[in-house]
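A closer look at the structure
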Amino acid sequence: MATLTTSLIVMRWELLSAVMMFFASTMKIRLRQNSHHVMALLCGGIGVGMSCWFVTGLLGITLSMENLHNFMEISKNAFIQVMSQTPTDWPMP
């Protein structure tokens with residue numbers, strides 16, 4: 001019993017996101033059958049958001065401003081490095 005309780009405490013956010021994905025999918029199907037396409041699109045967006053939250057939780061990725069800043073800095077440096085290696089007469093659209 002203690003093992004089950006501990007696993008539920010550790011996995012609480014992942015379980016919540018999995019349940020939310022299930023409910024969003026179920027609601028999307030029912031709303032499409034009733035021709036409520038805008039609400040079905042909204043439920044689909046919630047389902048995608050929950051699945052992204054689920055994956056980041058399983059991978060141990062924490063969403064913080066420091067991580068976002070590091071990602072943007074690495075992306076900027078990679079872009080500058082790639083653009084510095086292009087020919088000078090490269091046609092720009």
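Up top is the structure.
Figured I'd write up the structure that's included with this text. (Residues numbered from 1 in each chain as written. Predicted model: local features only at pLDDT ≥ 70, side-chain atom pairs only at ≥ 80, totals over all residues. Heavy atoms only, no water.)

1. A closer look at a nonpolar patch on the surface
- There is a patch of nonpolar side chains on the surface, built from Trp13, Leu16, Met20, Met39, Leu42, Ile46 and Trp53 and spanning about 650 Å² of accessible area.
- Contributing elements (two or more residues each) for the nonpolar patch: helix H2 (12-33) and helix H3 (37-59).
- Counting residues per element, the nonpolar patch draws most heavily on H3, which supplies 4 residues.
- Structurally, the position occupied by Ile46 is in helix H3.
- Residue classification places Ile46 among the partly exposed residues on the basis of a relative accessible area of 38%. (Patch = residues over 30% accessible without salt bridge, like charges linked within 9 Å, V, L, I, M, F, W, Y side chains within 5 Å. Areas by Shrake-Rupley, 256 points an atom, 1.4 Å probe, with all protein chains shown as cover. Salt bridge = Lys/Arg side-chain N within 4 Å of Asp/Glu carboxyl O. Helix = DSSP H or I, 4+ residues; strand = E, 2+ residues; numbered from the N terminus. Buried < 20%, exposed > 50% of the residue type's maximum accessible area, 1.4 Å probe, protein only.)

2. Comments concerning H3
- With 23 residues, H3 ought to run about 33 Å at 1.5 Å a step, and its terminal C-alpha atoms sit 33 Å apart, in line with that.
- Gly60, located one to two residues past H3, shows a positive phi value of around 80 degrees. (Expected span 1.5 Å × (residues − 1).)

3. As for the packing of aromatic side chains
- Using the criterion set out here, one finds 1 aromatic pair in the structure.
- Between the aromatic rings of Phe22 and Phe23, the centroid separation amounts to 5.8 Å while the plane-to-plane angle is 50 degrees, which identifies the pairing as tilted.
- Note on Phe22: relative accessible area 53%, which makes it exposed.
- By relative accessible area, Phe23 is classed as partly exposed at 47%. (Phe/Tyr/Trp six-rings, centres within 6.5 Å; stacked < 30°, edge-to-face > 60°.)

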